[in-house]
Amino acid sequence: MSALAAATSTSTGEAVQFWVLGTVAVIGALSTILMKKAVHSALSLAGTMIILAVFYLANGAYFLGVVQVIVYTGAIMMLFLFVVMLVGVTAADSLKETLKGQRWLAVLCGLGFGVLLIAGIANAKLTHFNGLGRVNSAGHVEGLATLIFTKYVFAFEITGALLITAAVGAMVLTHRERTERAATQRELAERRVREGVQLPPLPAPGVYARHNAVDVAGLLPDGTPSELTVNKTLRARGQIRDVSSEALNDLKALEQASAERLGREEASK
Amino acid sequence: MENLIGLLIAAPLLGAVVLLLGGRRLDKAGHWLGTLFAAASFGIGVVLFADLLGRGAEDRTLYEKLYTWIPVEGFQADVAFQLDQLSMTFVLLITGVGTLIHIYSIGYMEHDERRRRFFGYLNLFLAAMLLLVLADNYLLLYVGWEGVGLASYLLIGFWQHKPSAATAAKKAFLVNRVGDMGLSIAIMLLFTTFGTFAFGPVFASVGNATEGKLTAIALMLLLAACGKSAQVPLQSWLGDAMEGPTPVSALIHAATMVTAGVYLIVRSAAVFNGAPDAQLVVTIVGAVTLIFGAIVGCAKDDIKKALAGSTMSQIGYMILAAGLGPVGYVFAIMHLVTHGFFKAGLFLGAGSVMHGMNDEVDMRKYGALRKFMPVTFVTFGLGYLAIIGFPGLSGFFSKDMIIEAAFAKGGTQGWILGGVALLGAGITAFYMTRVMLLTFFGEKRWQPDAAGHEPHPHESPKSMTIPMVILAFGSVFAGAFFEIGERFLKWLEPVTGYEHGNSPVSAMTVTASTMVVLVVGVGIAWSMYGRRPVPVVAPRGSLLTRAARRDLLQDDFNHVVLVRGGEHLTRSLVYVDHSLVDGAVNGTAAAVGGASGRLRKLQNGYARSYAVSMFGGTAILIAATLLMRAV
Amino acid sequence: MNPVNYLYLAALLFTIGAAGVLIRKNAIVLFMCVELMLNACNLAFVAFSRMHGNLDGQIIAFFTMVVAAAEVVVGLAIIVSLFRTRHSASVDDASLMKL
């Protein structure tokens, strides 16, 4: 393919790649905003970002494509995942809308905005395609470096300062100065007694012959599961396994078995 | 010589300041001081008069500018005086009669512990009145105009412990306000029309103004004159003003202040000459008041109120004459001067009678006083003869001239006005004869006063009788003095102008018919009050008599139309204010409050809602940009 | 294929990201949507860079990434401290911006 052709149009291979990966990117974006769990959203976004990295490469932005994968997908998205893990799962994950009319307004504005953007692009006269052949003549990364360290050197320096500020800021925001010494076991026990809410330690999760795990609620004497026995994060995620019916079934089977046994013993008499 | 004009005013003004600020230290000498200042002013007036007489007829106008009062570009008002023959006449009348009444008051107010203050007020009045007649522009005239109003208010209410006096003062003040409003509007109109307040420039450029404007100015001036001179429809205050001490009634409410309206009209002759419609209204007002006052005077039993009705009526003559234009100006002023003499004399006589009768004012409780008060009887009698127009006395000449001038108006108007003036002369003869008969003739009808003191009528002290004698001289001889050789006419003509009216009836006929109505009036009065005994308690009387006793229902009319009307207007305004204005204001407030309450819901505190607004706003901005590009 | 299609894709992704910001309550997901919008912009920059035949677009995209990294660091720190004080990552819970 000649340089001129590359400048004005794209190869068929790129077209196929665009349509296939573009569709996937849109689906990823949609699932980012529609997935109920933050982890799924993060994963979908990561997928979309990787596809965008591919598009960068296809557009001749090799350096940027690589940076996209390393910095964005590798670092930033991982940071997201860490925070998701830290924050845990809350009621905020619910997709149920609480603000009246908010969703409709959002969809309406989004549609209007999208239509306007696309109409604007369609209206623009984008007929010149120069391609990157000329500017990449001295090497792509060298070309970028030339620009960054000459024309954009001040912006570059300032972003450096920005990054340091952000790092310090993040530390300031998340750091908590300990203003009083940690409470001892004794003090904690005394506080529990004073408040009178939960005097003994919280009950342990359910222990059952086949299940001895944190996600199994302990059973009360009447056979119902106790909420106190499982971690509330698991509760919020709905990852609690309810074995109460199983236990009752087991009990029933046991009784039946013993009854049969007794019957057999009587019959044998 | 011009410098004396300022002194003319300064003397009584200084007297007023000294007496009113001097405090009790001056209680002993206050009345003498006040009289001295008034006499000084009179002396200066005489000197100036002599100076004027020494000049040619056309050269008798003196100016004195003290200082520029309001030095604003395009709005010049000076404190400047103009002394011409008209002002001079007034100056002599005011200071002359004023001085006499000061002397009279020394005796009359002898037992009043606030005599010093009384003299201070009298001096204040003199100063204000002189300022009024000497001002060379309307704005300064207005100052004097309000000054005499203030003095009148203070003096009517001088015995402020009497509720009736306080009320009368208030009433005079309020009614005068209506007239003063007219004067201030007239001055504004004059300024917008001519761009100046000064008499000279205004009268010189009267020809440049449209007749409509002149009529408006003239009517407003007439309203002012009505208020000050107690002409219909603003006459209701004068009767009540008799609550003031009698010298006040004589000086202010008979001789000088109430004639300020006549002065205003005659002074503004140039304006009135250019507005024939307004002149007609002036004559109508004069004619109506003439009859109105005369009828009221017939029915009153209170001697001062009967005289007050008479004053109203006589000023009606003057206003009527002033409304006739150049034909009548001179006679209006002449009657004003002669009236100043005889009416002041009559009031002083009435005061003398009251002085001797324990301040009793009801004529039905007088009777047969001629034997006890010979001097008062003679002077009062001369004043009486003068006012009814007894041949040869001053009222005869001046009133005759007005009646003649009224006939000279010509056409139906002339006949009606002349007839009214003639009728008025008859009624004047009737009521004055009635006063005379009730007071000095007939049986003794004295009664003990509220405290049980039997009155002991006696002649008043010299300080009171001497002024009465002097005024009686004036009443007798002034008319003849003015008329012989047409002295007064020649004196005033350069200022007011004069043209001889062509009366459809000859002067002899007018005089003869005046004599006839005079005799008829006196005769009726004699038959009613002279031949039979007078009941002490007034008979019920006819409907007209009863109405006249109530000032021809003037107060009732005012009450029903103005007071009630005003109350209704106020009430409806309050209603409008409450329902419409407050409603609009409160409604606006409620609407704003409601709208903000709804708008506030937009501010729900949720960041995502704000984000939607931002996003929508961005979309709209982009749409607008694209649209503008497309256009 | 016309490279303009990259711009259309960028517009679409941007709009989806914006809509996500508006409808999600979880601050973390909301942040992800902001990242999505930034990435859409980057894509547009890269496509423009190729069309105009210079590298300035890529430089801007590069700076965007750097700034986005800084933003994410601070933003996530805020979310964490918010969660610590409010025990919630919902943006609706912080609704104090009203009278």
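Values in this document were obtained by computation on a predicted structure and should not be read as measured data.

Visitor: Which parts of the structure should I look at to understand the overall build of chain A?
Guide: Broken down by element type, chain A carries 10 helices and 0 strands. Mapped from its N terminus to its C terminus, chain A presents α and β elements in the order α-α-α-α-α-α-α-α-α-α. Here chain A holds 269 residues, and the buried ones make up 30% of them. Partitioning the intrachain contacts of chain A with sequence separation of at least 6 by distance along the chain shows that 51% fall at a separation of at least 24. A total of about 17,500 Å² of accessible surface is found on chain A, and carbon and sulfur atoms cover 66% of it.

Visitor: What is the right way to look at the interface of chain B and chain A in this model?
Guide: Interface extent is often summarised as the accessible area lost during association of the parts. Facing 12 residues of chain B, the contacting portion of chain A comprises 10 residues. At the boundary of chain B with chain A, total buried surface from both sides reaches about 1,000 Å², with 78% on carbon and sulfur atoms. It is Arg608, Val612 and Phe615 of chain B that lose the most area in chain B upon contact with chain A, and together they represent 50% of the buried surface on that side. Taken together, chain B and chain A are joined by 0 salt bridges. Between chain B and chain A we count 1 residue pair in polar contact (both at pLDDT 80 or more) in total. Residues that form the side of chain B that touches chain A fall into these classes: 7 nonpolar, 4 polar and 1 charged.

Visitor: Just checking my understanding: could you explain the UniProt feature "transmembrane region" (unreviewed entry) in chain C for this structure?
Guide: Residues and elements named next belong to chain C. Under the present numbering, the feature "transmembrane region" (unreviewed entry) in UniProt falls on residues 6-23, 28-48 and 60-83. Summarising residues 28-48: 100% helix, 0% strand, and an end-to-end C-alpha distance of 30 Å. With 100% helix and 0% strand, residues 60-83 has its two end C-alpha atoms placed 33 Å apart.

Visitor: What is the right way to read the interface of chain C and chain A from this model?
Guide: In this assembly, 68 residues from chain C lie in contact with 88 residues from chain A. Of the roughly 7,100 Å² buried where chain C meets chain A, counting both sides, 75% is carbon and sulfur surface. Where chain C packs against chain A, one counts 2 salt bridges. One salt bridge connects Lys151 of chain A with Asp56 of chain C, and the closest N-O pair in it is separated by 2.6 Å. At the surface where chain C touches chain A, the tally comes to 11 residue pairs in polar contact (both at pLDDT 80 or more). Of all the secondary structure elements, the ones that give two or more residues to the side of chain C that touches chain A are helix H1 (4-23), helix H2 (27-52) and helix H3 (56-86) of chain C.

What counts and what doesn't
- Residues numbered from 1 in each chain as written.
- Chains lettered and ligands numbered in written order.
- Predicted model: local features only at pLDDT ≥ 70, side-chain atom pairs only at ≥ 80, totals over all residues.
- Heavy atoms only, no water.
- Helix = DSSP H or I, 4+ residues; strand = E, 2+ residues; numbered from the N terminus.
- Buried < 20%, exposed > 50% of the residue type's maximum accessible area, 1.4 Å probe, protein only.
- Contact = heavy atoms within 4.5 Å.
- Areas by Shrake-Rupley, 256 points an atom, 1.4 Å probe, with all protein chains shown as cover.
- Buried area = accessible area lost by both parts, 1.4 Å probe.
- Salt bridge = Lys/Arg side-chain N within 4 Å of Asp/Glu carboxyl O.
- Polar contact = N/O pair within 3.5 Å; in protein donor to acceptor, adjacent residues only side chain to side chain.
- Nonpolar A, V, L, I, M, F, W, Y, C, P; charged D, E, K, R; others polar.
- UniProt positions renumbered as here; feature names shortened; annotations may be inferred.

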